[in-house]
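Now for the letters of each chain:
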Amino acid sequence: MMRIGQGFDVHIFGDGDHVMLGGVRVPHTRGVVAHSDGDVVIHALCDAIFGALALGDIGRHFPPSQEQWRNANSRIFLRHAAKLMREQGYALGNADVTVICEAPKVGPHSLAMREAVAEELGCELDRISIKATTTEKLGFTGRGEGIAAQACVLLVMA
Ligand SMILES: Nc1ccn([C@@H]2O[C@H](COP(=O)(O)O)[C@@H](O)[C@H]2O)c(=O)n1
Ligand SMILES: C[C@@]1(CO)OP(=O)(O)OP(=O)(O)OC[C@H]1O
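What counts and how
- Residues numbered from 1 in each chain as written.
- Chains lettered and ligands numbered in written order.
- Predicted model: local features only at pLDDT ≥ 70, side-chain atom pairs only at ≥ 80, totals over all residues.
- Heavy atoms only, no water.
- UniProt positions renumbered as here; feature names shortened; annotations may be inferred.
- Helix = DSSP H or I, 4+ residues; strand = E, 2+ residues; numbered from the N terminus.
- Buried < 20%, exposed > 50% of the residue type's maximum accessible area, 1.4 Å probe, protein only.
- Contact = heavy atoms within 4.5 Å.
- Areas by Shrake-Rupley, 256 points an atom, 1.4 Å probe, with all protein chains shown as cover.
- Lys, Arg positive; Asp, Glu negative; His and termini not counted.
- Charge placed at Lys NZ, Arg CZ, Asp CG, Glu CD.
- Pairing = 2+ DSSP bridges.
- Axes fitted to C-alpha atoms, helices over the stretch in contact; angles between N-to-C directions.
- Expected span 1.5 Å × (residues − 1).
- Polar contact = N/O pair within 3.5 Å; in protein donor to acceptor, adjacent residues only side chain to side chain.
- Near = heavy atom within 4 Å.
- 1 Å grid on protein atoms, 1.4 Å probe; cavity = no way out; pocket = protein on both sides within 12 Å on 5 of 7 lines; lining within 4 Å.
- Sits in = over half its atoms within 2 Å of the grid points.
- Points joined across faces, edges and corners; volume = space filled by probe spheres on them.
- Nonpolar A, V, L, I, M, F, W, Y, C, P; charged D, E, K, R; others polar.

The name given to the protein chain in an unreviewed UniProt entry is 2-C-methyl-D-erythritol 2,4-cyclodiphosphate synthase, with Dyella telluris as the source organism. According to its UniProt record, the protein chain has this under Pathway (unreviewed entry): "Isoprenoid biosynthesis; isopentenyl diphosphate biosynthesis via DXP pathway; isopentenyl diphosphate from 1-deoxy-D-xylulose 5-phosphate: step 4/6." Checking UniProt for the protein chain, the heading Sequence similarities (unreviewed entry) contains the comment "Belongs to the IspF family."

As structure tokens, this is what we get:
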């Protein structure tokens with residue numbers, strides 16, 4: 001049997017000099033406002049995996065009300081989602097992520113992000129796709145107010 005899931009996450013830009021994306025520190029003129037490190041790629045991926053397993057969402061597993069997740073490295077969240085996936089008898093078939101922002105440019109960092117995500121999910125690199133688009137200067141991402149990511153995953157019986 002297979003399971004499909006999708007996830008979406010947004011964070012507002014704030015003060016800072018980098019954003020975390022797919023577990024990678026990407027230099028930028030802004031940071032993001034978040035309880036954790038605000039990694040929209042990983043948060044969207046976690047929600048896709050939790051969704052595929054019908055296990056709720058990232059806020060249920062890592063409540064923003066809990067101090068222990070303040071400034072947390074989001075790789076911890078993905079590692080946990082991968083553990084639950086394995087415990088339910090699944091492995092990652094493939095994942096496809098789209099980052100939505102005018103800047104920073106994601107392309108130069110996508111390989112490093114794919115490597116980090118594949119490591120946490122315990123799968124081959126070619127099962128992970130991370131790509132990006134602008135919104136042609138339209139909407140909140142177009143105005144540079146924030147950054148978004150959407151993710152789809154297919155889980156297969158291990
Ligand atoms: N943050 C981004 C946005 C886009 N890219 C790359 O540029 C290509 C063109 O983007 P459009 O929104 O104009 O279609 C896109 O296909 C990506 O390859 C990027 O790296 N980072
Ligand atoms: C990741 C968590 C951790 O408390 O907080 P944030 O970093 O604010 O990120 P969000 O995407 O709003 O998900 C909710 C929380 O689980």
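A separate point is the overall build of the protein chain. A count of helical and extended segments in the protein chain gives five helices and seven strands. In sequence order, the secondary structure elements of the protein chain are arranged as β-β-β-β-α-α-α-β-α-β-α-β. Here the protein chain holds 158 residues, and 50% of them are scored as buried. Here the contacts in the protein chain between residues at least 6 apart in sequence split such that 70% fall between residues at least 24 apart. Roughly 7,800 Å² of accessible area belongs to the protein chain as shown, and the carbon and sulfur atoms make up 54% of that amount. Charge centroids of the protein chain, computed over 15 positive and 18 negative side chains, lie 2 Å from each other.

Glancing now at the sheet that holds strand 1 (residues 2-14). What the five strands build is an open sheet, ordered 4-1-7-5-6; its pairing is mixed. Bordering the open sheet on either side are strand 4 (31-33) and strand 6 (128-133), each of which pairs with just one other strand. Going across the sheet, the axis of each strand differs from the next one's by a mean of 30 degrees, ignoring polarity. Direction of pairing for strand 5 (residues 90-100) relative to strand 6: parallel, over a ladder of six bridges.

For helix 1 (residues 40-52), with 13 residues, the first-to-last C-alpha span of 18 Å sits near the 18 Å given by 1.5 Å per residue. By the burial criterion, the buried members of helix 1 are Val 40, Val 41, Ile 42, His 43, Ala 44, Leu 45, Cys 46, Asp 47, Ala 48, Ile 49, Phe 50 and Ala 52. The distance from a side-chain oxygen at the start of helix 1 to the backbone nitrogen of Val 41 is 3.2 Å, and the residue carrying that oxygen is Asp 39.

In the vicinity of ligand 2, 13 residues are found, and the nearest of them are Asp 9, His 35, Ser 36, His 43 and Phe 62. Within the contact set of ligand 2, an oxygen atom lies 3.0 Å away from a backbone nitrogen or oxygen of His 35. Between an oxygen atom of ligand 2 and a main-chain N or O atom of Pro 64, the distance comes to 3.4 Å. Contact with the protein chains removes 86% of the 370 Å² of surface that ligand 2 exposes when unbound. Cavity membership is defined here by more than half of the atoms lying within 2 Å of grid points; on that basis ligand 2 lies in the largest pocket. Only strand 1 and helix 2 (58-61) provide two or more residues apiece to the shell around ligand 2.

Take the pairing of strand 2 (residues 18-21) next. Every other side chain in a regular strand lies on the same face of the sheet, so the side chains alternate between the two faces. Pairing analysis gives four bridges linking strand 2 to strand 3 (residues 24-27), with the strands arranged antiparallel. By the bridge assignment for strand 3, Met 20 is matched with Arg 25. Between strand 2 and strand 3, which follow one another and run antiparallel, lie two residues, and Gly 22 among them has a positive phi close to 60 degrees.

Next up on the list: the layout of surface pockets. Estimated volume of the largest pocket: approximately 190 Å³. Considering the residues around the largest pocket, the lining is formed by Asp 9, His 11, Ala 34, His 35, Ser 36, His 43, Ile 58, Gly 59, Phe 62, Pro 64, Trp 69 and Phe 77. Elements that contribute at least two residues to the lining of the largest pocket include exactly strand 1 and helix 2. Classifying every residue of the lining of the largest pocket by side-chain character gives six nonpolar, five polar and one charged.

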